[in-house]
Structures are given as structure tokens and as C-alpha cells.
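Below, each chain spelled out in residue letters.
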Amino acid sequence: MTTATTPDNPPHGHPDHVCWGGGAANHTQHRLDVRGLTVSYREVRALEGVDFSTECGRCVALIGPNGAGKSTLLKSLVGILTPEAGTILWRGAALTSSHRELAYLPQRGEVDWQFPITVRGLVEMGRYPNLGWWRSFQKHDREIVDRALAAMQLEDLADRQISALSGGQQQRTFLARALAQEAHVLLLDEPFTGLDQPAEEALRRLLRDLAAEGRLIIASHHDLETVPLIFDEVLLLRRRTIGFGTVQDAFTPEAIAATYGTPALAQP
């Protein structure tokens, strides 16, 4: 299934993947494949048999009610949680928890914004997976951090404590950290929650731009009306896969009703 290419809907499989450090050049297949993913918390089954496949250059919405497993899926993809069954493949290989090409952005309410660190310091943390145990920060790493700050328009805020940031600035700082990591896949947990309208619109544009540059964006999202404005594909989740595909094909009143357990509503 494909969607038409428009200014707001860039072509899938964008060839120009952003790898500022050059270490991930010449990738020929940037595809994420999830098959039969099952995750349990002790005796509680959070996800069961989740299936979907997507690739870089796309924005994917995770849609479902509270408790549907959206956060569990994101944490499983990045390795925070260990699946009970199923496979997660990235570029044809099994995904490991230390894979630096994936970056997780938690819900803002889960972050200690009083931690004494500057915007630059937080973005620099994105370089740690690339440095390993022994290598110290080099000119190359500082240049990547500077580029990430510039990409998110944070140069003037680089020395500000994160406690002094607005909601939109906080989200841009975490996105900059992911860019500094040279991540190809950005996993965002409810990134629009708590943002005012200008910050929300700015974040929409940023996510579309990041996808157009060749990254894969996967974000849990609760505002059904804005799904077609932001996303190319949608995964409808209620512990199991209710539906997956392009927004045009899969985001139907019937699928939404099945996801939320309500009568079919008019198309958002």
C-alpha cells in the first residue's frame, strides 16, 4: 500500500538517510519488521501477536485507548522491555537493546526536568552510544551536537537549564539528542501532550521534515483529528494489531470503532 507524493507527504523510502557521522553510510535497506510480538508484565499480557512492517521516510501513528500497549510497544522496540515472544528485525537483523540507530523519546511527564543539566549537555548525551567505553568527545562529536542544536533551532538555548524550557522547547531538545545520536528511527511517546497550539503545529512540521530527510518516525498519538495531518501510516492497537496500513486505507471509522470498542464514528 502506498500514498500519493505531495508536499506534505514525502516519497517513501527516501534515499538520503541522514548519517552525520558517516559511519552508517551505504545502508541499502532501512526496514523495521515486527512479527508476533508478545509482551507480558508478570501475569498481565500487554501485547499479543503484534505485526507490522514499515521503513524510513515514513511517519507512523500508534493509535489506541489507554492500556492498549502503545508505550509497551515503543519500549519493546528500543529494548527497555524484553518480549516474551516474536521477532523485531531492523535492516534484516535482530534488534539489540544497544542499537544506536533507534532513539526513544519518553513522555515528558516521565522526565525529571529539574535535573541540573543544560540543553547542550542533554543533547551531548546522544553521542554516548557512539563513543563507547574509552573514546572521549572529539571535534567531530562537537560538530554533530552543534548541527543537531541548529536543526532544532536551539542554538540560543544551548546554555539554558532544561528546567527553564517550555514544553515545545523540551520536545525539540529531546529530538536534538536523537539527531546527535544519528538515529534513523525515532520512537516518541505522546509527543504532543501538553503543548499549546503553536508548539504543536511546530512539532508537526518538524516530524514531517525529519521523515522527509529519511528517518522513520513512530509516535503514540491520541488526537484522532490530526492523524491525517501528520502521519503516513497508522497502527491501530488494542493489545493486538487491529489494523495497519496507510492512513487512507487503514484509518477507517470501522477500524477506529474496533480499536476503541465503540460504535463506528464519522471519519475524522
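What this report covers is the structure whose coordinates are included nearby. (Residues numbered from 1 in each chain as written. Predicted model: local features only at pLDDT ≥ 70, side-chain atom pairs only at ≥ 80, totals over all residues. Heavy atoms only, no water.)

**Remarks on the overall build of the protein**
Helix and strand counts for the protein stand at nine helices and 10 strands. Burial statistics for the protein: of 268 residues in total, 53% are counted as buried. For the protein, the proportion of contacts with a sequence separation of at least 24, taken over those separated by at least 6, is 69%. Of the roughly 12700 Å² that the protein leaves accessible, carbon and sulfur atoms contribute 49%. (Helix = DSSP H or I, 4+ residues; strand = E, 2+ residues; numbered from the N terminus. Buried < 20%, exposed > 50% of the residue type's maximum accessible area, 1.4 Å probe, protein only. Contact = heavy atoms within 4.5 Å. Areas by Shrake-Rupley, 256 points an atom, 1.4 Å probe, with all protein chains shown as cover.)

**Considerations on the sheet that holds strand β2 (residues 44-55)**
Spatially, β2-β1-β4-β5 is the arrangement adopted by the four strands of the open sheet, whose pairing is antiparallel. Every interior strand has two partners, whereas the edge strands, β2 and β5 (93-94), have only one. Bridge count for strand β1 (residues 31-41) against strand β4 (residues 85-90) is five bridges, and the pairing is antiparallel. Bridging from a neighbouring strand, threonine 38 pairs with alanine 85 of β4. The strands touched by helix α1 (residues 70-78) are β1, β2 and β4; relative to β1, the strand with the most contacts, the crossing angle is about 115°. (Pairing = 2+ DSSP bridges. Axes fitted to C-alpha atoms, helices over the stretch in contact; angles between N-to-C directions.)

**Some points on the pairing of strand β8 (residues 216-220)**
Among the five residues in β8, five count as buried, and that is most of the element. Of the two faces of β8, the one lined by Leu216, Ile218 and Ser220 and the one lined by Ile217 and Ala219 are each fully buried. Judged from the four bridges that link them, strand β7 (residues 185-188) and β8 form a sheet pairing that is parallel. By the bridge assignment for β8, valine 185 is matched with leucine 216. Once the chain exits β7 it traverses helix α6 (residues 197-212) before rejoining the sheet at β8, and the crossover so formed is right-handed. (Right-handed = clockwise from strand over helix to strand, strands pointing away.)

**Remarks on helix α9 (residues 253-260)**
One full turn of an α-helix is made of 3.6 residues, so residues set three or four places apart face in the same direction. Among the residues of α9, those classed as buried are Pro253, Ala255, Ile256, Ala257 and Thr259. Buried positions along α9 lie against β3 (59-63), β9 (233-238), β10 (240-246) and α8 (247-250). Residue glycine 261 follows α9 closely and has a positive phi angle near 65°.

**Overview of the packing of helix α4 (residues 139-151) against helix α5 (residues 167-180)**
Contact geometry of α4 with α5 gives a least axis separation of 8 Å together with a crossing angle of 145°. The chirality of how α4 crosses α5 is right-handed. Each of Ile144, Val145, Ala148 and Ala151 in α4 lies in contact with α5, whose residues at this interface are Ala176, Leu179 and Ala180. Residue composition of the contact of α4 with α5, grouped by class: seven nonpolar, no polar and no charged. (Left-handed = near helix turned anticlockwise from the far one by under 90°. Nonpolar A, V, L, I, M, F, W, Y, C, P; charged D, E, K, R; others polar.)

**Some remarks on the nonpolar core**
Leu175 and Leu186 are the most contacted members of the largest nonpolar core, which has 51 residues in total. If near-sequence neighbours (up to four positions away) are discounted, leucine 175 is found in contact with Leu105, Met152, Leu186, Leu188, Leu203, Leu206, Leu207 and Leu210. Within the second largest apolar cluster, 25 residues are counted, among which are Val60, Leu77, Trp90 and Leu102. (Core = buried A, V, L, I, M, F, W, Y, C linked by side-chain atoms within 4.5 Å.)

**Notes on the sheet that holds β7**
Overall, mixed pairing links the six strands, which are arranged β6-β7-β8-β3-β9-β10 in an open sheet. The open sheet terminates on both sides in strands that have one partner only, identified here as β6 (102-105) and β10. Within this sheet the neighbouring strands show an average axis-to-axis angle of 15°, counted without direction. Along the sheet face, α1 touches β3, β6, β7, β8 and β9 and points at about 145° away from the line of β6.

**Quick notes on the packing of α5 against α6**
At their nearest, the axes of α5 and α6 sit 10 Å apart, and the two run at 15° to each other. Between α5 and α6, the angle is such that the two are roughly parallel. Crossing hand, α5 versus α6: left-handed. Where α5 approaches α6, its residues Gly168, Arg172, Leu175 and Leu179 are matched on the opposing element by Ala199, Leu203, Leu206, Leu207 and Leu210. Split by residue class, the contact of α5 with α6 holds seven nonpolar, one polar and one charged. (Parallel < 35°, antiparallel > 145°, perpendicular 65-115°, else oblique.)

**Examining the pattern of salt bridges**
Taken as a whole and judged by the stated rule, the model has 14 salt bridges. Arginine 58 serves as the salt-bridge partner of glutamate 55, at 3.4 Å between the closest nitrogen and oxygen. The class for arginine 58 is buried, based on a relative accessible area of 10%. Two residues, arginine 58 and glutamate 233, come together in a salt bridge whose shortest N-O distance is 2.6 Å. (Salt bridge = Lys/Arg side-chain N within 4 Å of Asp/Glu carboxyl O.)

Read these as spatial facts, not as claims about activity.
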